[in-house]
Amino acid sequence: MALEDKKRIESLDPRISRAHLSGGNHEDMTGLLHFQTYEVFHQNKRGAQHKHVGIVHAPNSDMALLYAKEQYARREQTANIWVAPSSCISATEYADDDIFTTTPEKLYRNPATYKVMDRIQAFKERGMTPSDEV
Amino acid sequence: MYGNAYIDPNEKFSSEEETPELLAAFQARIDAGDKIEPQDWMPAMYRKQLIRMIEQHAHSEIIGSLPEGTWITRAPGFRRKLALMAKVQDEVGHAQLLYSAAETLGKSREDMMNDLITGKSKYSNIFNYPALTWADSAVIAWLVDAGAIVNQLANSKGSYGPYCRALERICYEESFHLKYGHDNVVHLATGTKKQREMVQAAMTRWWTPLMHFFGPSDKASVHSDTLMRWKVKMASNDAMRQQFMDMYIPKIWDLGLTLPDPLLKKNTETGLWDYTEPDWEEFKRVINGDGPCNAERLAVRRMAEENGRWVARAINNEEAEHVRPFA
Amino acid sequence: MNNIDALKELLYKMADDQLIIGHRNSEWNGLGPILEEDIAFSSMAQDKMGQSEHLYNLLNQLGEADADTVAFTRNAPQFHCSHLVELPIGGYDFSLIRHFLFDFAEYLRFEALKTSAYQPLAQVAKKFFGEVKYHTMHANTWVYQLGHGNEESNGKMQESLNFAWDYALGMFEPGPAEEMLINENIFIGEEALQAKWLEVVIPLLEKSNLVIPEKSSWAPIYGGRTGNHTAHLQPLLSEMTEVYSIDPSADW
Ligand SMILES: [Fe+2]
Ligand SMILES: [Fe+2]
Ligand SMILES: [Fe+2]
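Residues numbered from 1 in each chain as written. Chains lettered and ligands numbered in written order. Predicted model: local features only at pLDDT ≥ 70, side-chain atom pairs only at ≥ 80, totals over all residues. Heavy atoms only, no water.

Visitor: Where do I start with the overall build of chain A in this structure?
Guide: Helix and strand counts for chain A come out as four helices and three strands. When its helices and strands are written in sequence order, chain A yields α-α-β-β-α-β-α. The globule rule puts the C-alpha radius of gyration for 134 residues at 14 Å, and the 31 Å found for chain A is more than 25% above it. Viewed in the frame of its principal axes, chain A has a C-alpha envelope of about 110 × 35 × 30 Å. For chain A, the proportion of its 134 residues judged to be buried stands at 32%. The contacts of chain A with a sequence gap of at least 6 include a subset with a gap of at least 24, amounting to 39%. Just so you have it, chain A exposes about 9,200 Å², and 53% of that area is on carbon and sulfur atoms. For chain A, the distance from the average site of its 17 positive side-chain charges to the average site of its 19 negative ones is 9 Å. (Helix = DSSP H or I, 4+ residues; strand = E, 2+ residues; numbered from the N terminus. Rg over C-alpha atoms; globule rule 2.2 N^0.38 Å. Buried < 20%, exposed > 50% of the residue type's maximum accessible area, 1.4 Å probe, protein only. Contact = heavy atoms within 4.5 Å. Areas by Shrake-Rupley, 256 points an atom, 1.4 Å probe, with all protein chains shown as cover. Lys, Arg positive; Asp, Glu negative; His and termini not counted. Charge placed at Lys NZ, Arg CZ, Asp CG, Glu CD.)

Visitor: Explain the interface of chain A and chain B here, please?
Guide: Reports of interface size often rely on the accessible area that becomes lost once the parts have come together. Between chain A and chain B, the residue contacts involve 43 residues of the former and 56 residues of the latter. Together chain A and chain B conceal approximately 4,400 Å² of surface at their shared face, both sides included; 57% is due to carbon and sulfur atoms. Linking chain A with chain B are five salt bridges, by the criterion used here. For R75 of chain A, the salt bridge is made with E173 of chain B, and the minimal N-O distance between the two is 3.1 Å. The interface formed by chain A and chain B contains 18 residue pairs in polar contact (both at pLDDT 80 or more). Looking at the side of chain A that touches chain B, the elements that each hand over two or more residues are α2 (14–17), β1 (36–43), β2 (51–58) and α3 (61–72) of chain A. (Buried area = accessible area lost by both parts, 1.4 Å probe. Salt bridge = Lys/Arg side-chain N within 4 Å of Asp/Glu carboxyl O. Polar contact = N/O pair within 3.5 Å; in protein donor to acceptor, adjacent residues only side chain to side chain.)

Visitor: Just checking my understanding: could you explain the packing of helix α7 (residues 151–169) of chain C against helix α9 (residues 190–207) of chain C for this structure?
Guide: Axes are the key here: two packed helices are described by the angle between their axes and the distance separating the axes. Residue and element names in this part refer to chain C. Following both chains from N to C, one finds α7 and α9 inclined at 165 degrees, their axes separated by 13 Å at the closest point. Accordingly, the angle class assigned to the pair α7 and α9 is roughly antiparallel. Remark: the crossing between α7 and α9 carries right-handed chirality. From α7, L161, W165, A168 and L169 reach across to α9, where they touch Q194, W197, L198, V201, I202 and L205. Across the contact of α7 with α9, the residue classes break down as nine nonpolar, one polar and no charged. (Axes fitted to C-alpha atoms, helices over the stretch in contact; angles between N-to-C directions. Parallel < 35°, antiparallel > 145°, perpendicular 65-115°, else oblique. Left-handed = near helix turned anticlockwise from the far one by under 90°. Nonpolar A, V, L, I, M, F, W, Y, C, P; charged D, E, K, R; others polar.)

Visitor: Before we go on, may I ask you to explain the interface of chain C and chain B in this structure?
Guide: Listed as interface residues are 47 residues of chain C and, on the opposing side, 42 residues of chain B. Roughly 3,800 Å² is buried in total at the junction of chain C and chain B, and carbon and sulfur atoms are behind 68% of that figure. At the boundary of chain C with chain B, the tally comes to three salt bridges. There are 13 residue pairs in polar contact (both at pLDDT 80 or more) connecting chain C and chain B. Counting residues per element, the ones that place at least two in the side of chain C that touches chain B are α1 (3–26), α2 (35–61), α3 (67–73), α5 (92–113), α6 (119–149), α7 and α10 (233–240) of chain C. Element by element, the count of residues in the side of chain C that touches chain B is highest for α2 of chain C, at 13 residues.

Visitor: Before we go on, may I ask you to explain empty space enclosed by the protein in this structure?
Guide: Rolled over the atoms, a probe with the dimensions of a water molecule shows which regions are left empty. All told, the structure shown has four cavities of 30 Å³ or more when counted by the stated rule. There is about 240 Å³ of room inside the largest cavity. Around the largest cavity, the lining comprises 17 residues; the ones closest to its centre are L32 and L33 of chain A, E110 and E305 of chain B together with I34 of chain C. Put simply, the parts of the chain that give the lining of the largest cavity at least two residues each are α4 (109–117) and α11 (294–315) of chain B. (1 Å grid on protein atoms, 1.4 Å probe; cavity = no way out; pocket = protein on both sides within 12 Å on 5 of 7 lines; lining within 4 Å. Points joined across faces, edges and corners; volume = space filled by probe spheres on them.)

Visitor: Just checking my understanding: could you explain the packing of aromatic side chains for this structure?
Guide: For any pair of aromatic rings, the description consists of the separation of the ring centres together with the inter-plane angle of the planes. Here the structure, examined in full by the defined rule, presents 25 aromatic pairs over all chains. With centroids separated by 6.0 Å and ring planes inclined at 85 degrees, the aromatic side chains of F26 of chain B and W41 of chain B adopt a geometry described as edge-to-face. Here W41 of chain B lies in the loop between α1 (20–31) and α2 (44–69) and F26 of chain B lies in helix α1, a separation of 15 residues in the sequence. With a centroid separation of 5.1 Å and 80 degrees between ring planes, the pair formed by W280 of chain B and F283 of chain B is classed as edge-to-face. Within this pair, W280 of chain B and its partner F283 of chain B are both found in helix α10 (residues 280–290), separated by three residues, close to a single helical turn. As far as the burial class goes, W280 of chain B and F283 of chain B line up, both buried. The ring of W71 of chain B carries the charged tip of R74 of chain B above its face, separated from the ring centre by 3.7 Å. Lying across the ring of F79 of chain C, R74 of chain C places its NZ or CZ 3.9 Å from the centre. (Phe/Tyr/Trp six-rings, centres within 6.5 Å; stacked < 30°, edge-to-face > 60°. Lys NZ or Arg CZ within 6 Å of the ring centre and 35° of its normal.)

Visitor: Explain the coordination of the iron ion (ligand 3) to me, please; I cannot follow it from the model alone.
Guide: Ideal geometry at a metal gives 109.5 degrees between four tetrahedral donors and either 90 or 180 degrees between six octahedral ones. Residue and element names in this part refer to chain B. At the metal site, the iron ion (ligand 3) is ligated by E91 (OE), D145 (OD), E174 (OE) and H177 (ND1), and these contacts range over 1.9 to 2.1 Å. In this structure, the iron ion (ligand 3) is surrounded by four donor atoms whose angles at the metal cover 86 to 168 degrees, and the resulting shape is irregular. Mapped onto the sequence, the donors of the iron ion (ligand 3) take the spacing E-x53-D-x28-E-x2-H. (Donors = N, O, S within 2.8 Å, 3.2 Å for Na, K, Ca; no water. Tetrahedral: all angles 85-135°; square planar, octahedral: opposite > 155°, others 65-115°.)

Visitor: Hey, could you run me through the sheet that holds strand β3 (residues 80–85) of chain A in this one?
Guide: Hydrogen bonds between backbone atoms are what pair the strands of a sheet, whose relative direction is either parallel or antiparallel. Read across the open sheet, the three strands follow the order β2-β1-β3 (chain A); overall the sheet is antiparallel. Unpaired on one side and paired on the other, β2 and β3 of chain A mark the two borders of the sheet. The average undirected angle you get between the axes of adjacent strands in this sheet is 30 degrees. Bridge count for β1 of chain A against β2 of chain A is seven bridges, and the pairing is antiparallel. Paired with T37 of chain A across the bridge in β2 of chain A is H57 of chain A. Seen against the sheet, helix α3 (residues 78–103) of chain B touches β1 and β2 of chain A and runs at an angle of roughly 95 degrees to β2 of chain A. (Pairing = 2+ DSSP bridges.)

Below you can see the structure in the form of structure tokens.
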């Protein structure tokens with residue numbers, strides 16, 4: 001009995017006092033359920049792209065959407081949200097990121113590398129003569 | 001192919017093939033300022049330390065919502081009531097973000113929660129002290145969150161991608177907490193005699209826990225050197241404490257409030273604050289479970305989980321495929 | 001009773017309902033089941049509190065004291081809230097059922113008020129309609145899932161519904177000037193609102209695998225609108241105003 005009393009929690013928080021808790025229990029909490037995770041994609045306005053912002057734990061997509069709204073859109077301007085189970089996402093491996101290494105070097109894909117004005121200018125300056133007749 | 005399954009909590013993180021080449025490449029990536037992502041190879045010690053650190057940070061958020069929660073049903077006036085609710089909500093949100101970041105490393109939220117409730121894992125010591133009056137909740141919101149910001153801003157420049165991303169969002173929200181807390185303290189300090197007395201008493205009560213907040217001086221060790229090199233630990237406890245004192249002591253004094261340390265002053269020669277070492281024995285006692293509110297904090301979290309159990313059981317989808325979150 | 005008094009009566013009962021249920025639901029802050037749910041439930045409690053503040057501001061424009069004074073200095077007999085919102089939070093089953101029953105009523109009330117002849121109220125109804133809509137989505141998703149969850153959850157929800165039902169009917173206690181509000185196109189009246197509400201919630205509850213109490217047994221619990229409250233309200237108010245009343249003239 002005395003031990004029980006000692007473990008009784010006297011809280012300053014009225015919500016906790018109402019719950020009449022005891023302390024000192026260090027047992028494992030067995031059977032904590034683990035929901036699957038959903039990846040959350042947020043669109044701030046119509047016309048913008050959805051961006052990955054994080055995850056929520058939820059038992060199904062309806063709940064995931066309800067939660068995504070409050071965890072990822074309670075401050076931000078928002079037009080739309082997607083959720084997808086993490087298990088449905090496929091990704092490349094960082095270990096293979098060398099497959100991307102030459103990507104930035106492929107200048108022929110870059111519009112800014114096409115500079116014809118110099119050439120036209122030179123052509124005009126030499127009286128528009130064919131190059132093999134200069 | 002990397003497996004994306006959760007790590008079995010009973011399995012020790014293997015230190016498989018930590019060859020000098022792999023370690024060097026890992027270090028080079030960090031030195032180059034690159035972030036480490038969950039799917040990357042990483043030393044077992046790096047994974048273990050990060051899980052421990054992010055998990056403790058997450059616990060500190062969820063437990064940290066309790067001292068201020070003490071006043072949630074009693075906040076005076078709409079403005080304070082709404083802001084306090086929003087702040088406590090943010091702290092729960094921070095826990096959610098941080099548990100998620102830790103999960104990318106392979107430990108499930110439930111395993112972390114269990115380790116919290118059973119006392120196997122720690123959280124910030126400061127939340128084991130009670131918020132005796134409304135003014136305590138104001139001092140917490142201002143100065144505990146200020147301390148957290150110093151710590152979190154440092155950590156947000158660390159090497160682990162998901163942790164940095166979570167911290168970026170968290171730091172943004174913390175700045176609301178800080179402003180709210182400061183506003184609250186300023187109102188009390190510039191208010192009636194009674195309000196001033198309340199806030200002065202709270203300030204006096206919280207000074208020692210605040211000095212404890214960043215932990216004792218770090219002892220130099222190979223271990224902590226490695227963590228610094230891996231950008232897991234970003235600043236020394238003393239450096240963070242000094243930064244905190246530099247930023248906030250003048251603001252506290254500015255309100256005509258006093259702090260219970262006669263030695264407190266900025267040393268013009270060293271550029272550092274002189275102070276009386278807080279009682280580190282008390283710190284150790286409290287962190288090991290013998291503080292004024294340790295038992296309550298854990299019992300409350302246990303209650304929340306227990307209350308939620310039938311709910312979770314009812315809506316759980318047993319067929320769901322469980323993988324670690326990606327980011 | 002003139003127009004203004006009738007309007008004030010309507011605003012007071014709405015604002016008091018929202019304040020008290022917002023306060024009750026805030027008791028879950030940081031203690032809720034499932035972190036994500038904790039966050040969502042807190043947002044909705046904040047919404048309710050914010051809405052009540054807006055309605056007190058409308059009352060302020062009609063000559064009543066400011067929102068803080070009105071909310072934090074009255075005693076139970078001066079409150080116009082229904083008994084439903086005063087009840088302690090109970091388990092999550094009761095809190096969710098109350099949230100469902102209350103928020104669908106509020107949703108329909110706001111929908112009707114969007115076209116109110118009293119413009120300031122119509123504006124508030126339009127402004128907060130989206131918030132209340134989310135609340136009903138949240139409430140309905142939960143009630144559906146727990147109704148269908150397992151025997152335990154269905155049993156708890158059914159028990160809470162049985163307990164809450166007559167209190168919920170009490171939300172529609174007619175005021176002293178229903179006719180006037182209706183004739184002036186300020187509000188459709190409690191009777192019409194209750195009819196709409198029954199039309200909406202009964203099929204949703206049935207879809208959620210829950211049984212509506214036998215109609216012959218319905219006994220609406222009135223009294224709240226005229227200041228006769230349950231024993232739960234005064235302790236709630238004393239707690240809510242504990243700090244404020246240290247010095248109501250101070251700037252907190
Ligand atoms: Fe936080
Ligand atoms: Fe905090
Ligand atoms: Fe914070």
